[in-house]
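The lines below spell out each chain.
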Amino acid sequence: MGGAHSQQNETPHTPLFHVTGQTLLNDANQTPNNSDQEYYGIARTEVFDLLPQNCSRILELGVGMGATMAALRKVRDISFAAGVELMPEIAERARTHIDEVLSGDIETLEMPQSWTGFDLILCLDVLEHLADPWTVVRQLHERLAPGGVIVASLPNVNHVSVSLPLFFRGEWELKDAGILDRTHLRFFVKKTAIELMTSSGLSLQATGTGGLPKYSKRWWQNRLSGGLFERFLATQYFIRVGA
């Protein structure tokens, strides 16, 4: 789904899939082909293979325009969807697809008491922007239903585009977007990303990688290396943890 390739494996620390492709929201209520559309209007369908079948109640952090929730409603029976978005004007657009949306900083925002018992909580490219993502993960854990899961995506700072300039030229240049986005406050490799997501006591259930579409050059490079090159070729890690 969404260009994702899945491979079932019962070993929790073994990556389940590699992903590529995203869907751009293009509703009549939103104007396409502008910077907001490109950044906030992407549906993160590449993580759908990690999501549980039972997604009746969902909370998403960093909802953008609600594109991911809009796509998810087409493949899951969702009774209630809640979301948090930092930018007020973007949060307003998300209300088309999400039942309740709050605008603000998740680290200081007080979520309603009714926002609990979630089957799924999505944190896609959000936690690296926070000063204390460990506390946020713990708070989200408390809002899960029994058997509920958190699915997160985190950039891989060990990617070749970061590690090679650092090793050979001593360069660590922040950018407007990407792994070294200047708004990132925390940086992760696979091990520390897993440690973050399990820090509240949740159990690791599955992992995946971004940036390695099946049969691409880098996919073959990683495959021929027996997976040894994954830490240099994966642009981000997808992690699913559960109670």
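Residues numbered from 1 in each chain as written. Predicted model: local features only at pLDDT ≥ 70, side-chain atom pairs only at ≥ 80, totals over all residues. Heavy atoms only, no water.

A.B. asks: Provide a residue-level description of the overall build of the protein chain, including the pertinent values.
C.D. replies: Helix and strand content of the protein chain: 8 helices and 11 strands. Long-range contacts, defined as pairs at least 24 residues apart, comprise 67% of the intrachain contacts of the protein chain with a sequence gap of at least 6. With the model as given, the accessible surface of the protein chain reaches about 11,900 Å², and the carbon-plus-sulfur share is 51%. (Helix = DSSP H or I, 4+ residues; strand = E, 2+ residues; numbered from the N terminus. Contact = heavy atoms within 4.5 Å. Areas by Shrake-Rupley, 256 points an atom, 1.4 Å probe, with all protein chains shown as cover.)

A.B. asks: Please give an account of the packing of aromatic side chains that cites residues and values.
C.D. replies: One pass over the full model with this rule turns up 3 aromatic pairs. Here phenylalanine 167 and phenylalanine 168 contribute two aromatic rings whose centre-to-centre distance is 5.0 Å and whose plane-to-plane angle is 90°, an arrangement assigned as edge-to-face. Between tryptophan 172 and phenylalanine 187 the ring centres are 5.3 Å apart and the planes differ by 75°, which places this aromatic pair in the edge-to-face class. Of this pair, tryptophan 172 sits in the loop between α5 (160-169) and α6 (190-197) while phenylalanine 187 sits in the loop between α5 and α6; the two residues are 15 residues apart in sequence, bridging distant segments of the chain. The class of tryptophan 172 is partly exposed, set by a relative accessible area of 38%. One cation-aromatic arrangement involves arginine 57 over phenylalanine 118; the distance from NZ or CZ to the ring centre is 5.3 Å. (Phe/Tyr/Trp six-rings, centres within 6.5 Å; stacked < 30°, edge-to-face > 60°. Buried < 20%, exposed > 50% of the residue type's maximum accessible area, 1.4 Å probe, protein only. Lys NZ or Arg CZ within 6 Å of the ring centre and 35° of its normal.)

A.B. asks: Before we move on, can you summarise helix α4 (residues 133-141) with the specific residues and values?
C.D. replies: Listed in full, the buried residues belonging to α4 are Pro133, Val136, Val137 and Leu140. Down the axis of α4, the sector holding all buried residues measures 100°, keeping them to one side. On its buried face, α4 sits against β5 (57-61), β8 (118-124), β9 (144-155) and α6. (Arc of directions from axis to C-beta.)

A.B. asks: Tell me about the pairing of strand β7 (residues 100-103), and please be specific about residues and values.
C.D. replies: Pairing of strand β6 (residues 80-85) with β7, which is carried by 4 bridges, proceeds in the parallel orientation. Bridge assignment links valine 84 to a residue of β7, and that residue is leucine 102. In this region the chain leaves β6, passes through helix α3 (residues 88-94) and returns to the parallel neighbour β7; the handedness of that crossover is right-handed. (Pairing = 2+ DSSP bridges. Right-handed = clockwise from strand over helix to strand, strands pointing away.)

A.B. asks: Can you break down α6 residue by residue, with the values?
C.D. replies: Turning to α6, its buried residues are Ala193, Ile194, Leu196 and Met197. For α6, the arc enclosing every buried residue in end-on projection is 155°, short of the 170-degree limit, so these residues lie on one face. The secondary structure elements touched by the buried residues of α6 are α4, β9, β10 (203-210) and β11 (236-242).

A.B. asks: A description of the pattern of salt bridges should follow, citing residues and the corresponding values.
C.D. replies: Pairing between side chains of opposite charge can happen when the charged atoms of each approach one another. Tallying each qualifying case throughout the model produces 8 salt bridges. A salt bridge links arginine 44 to glutamate 46; the shortest N-O distance between them is 2.6 Å. The network of salt bridges with shared partners includes Arg44, Glu46 and Asp125. (Salt bridge = Lys/Arg side-chain N within 4 Å of Asp/Glu carboxyl O.)

A.B. asks: Account for the side chain of arginine 240, with residues named and values stated.
C.D. replies: Here arginine 240 shows up in strand β11. Within the buried set, arginine 240 has no salt-bridge partner at all; the shortest N-O distance to an opposite charge, 9.9 Å, is to aspartate 49. Of note is the side chain of arginine 240, whose polar atom sits 2.8 Å from the backbone oxygen of leucine 50. In contact with arginine 240, other than residues within four places in its own chain, are Leu50, Leu51, Pro52, Val149, Ile150, Val151, Ser203, Leu204, Gln205 and Ala206. (Lys, Arg positive; Asp, Glu negative; His and termini not counted. Polar contact = N/O pair within 3.5 Å; in protein donor to acceptor, adjacent residues only side chain to side chain.)

A.B. asks: Help me get a handle on the pairing of β8, residues and values and all.
C.D. replies: With 7 of 7 residues buried, β8 lies mostly within the body of the structure. Relative to β8, β5 runs parallel, the two being bridged by 4 bridges. Bridged to isoleucine 58 within β8 is leucine 120. By the bridge criterion, 6 bridges tie β8 to β9 in an arrangement that is parallel. Looking across to β9, one finds that isoleucine 121 is bridged to isoleucine 150.

A.B. asks: If you had to explain the environment of proline 112 to someone new, which residues and values would you point to?
C.D. replies: Considering the arrangement of structural elements, one finds proline 112 in the loop between β7 and β8. Separated by 10 residues in the primary sequence, proline 112 and leucine 102 place their C-alpha atoms 9.6 Å from one another. Those residues in contact with proline 112, other than ones at most four positions away along the chain, are Leu102 and Arg143.

A.B. asks: Go over the environment of alanine 131 with me, naming the residues and quoting the values.
C.D. replies: Inspection of the secondary structure puts alanine 131 in the loop between β8 and α4. Spatially, the C-alpha atom of alanine 131 lies 8.2 Å from that of glutamate 107, the residues being 24 residues apart in sequence. Look past the residues within four positions of alanine 131 in its chain and what remains in contact with it is Glu107, Leu185 and Arg186.

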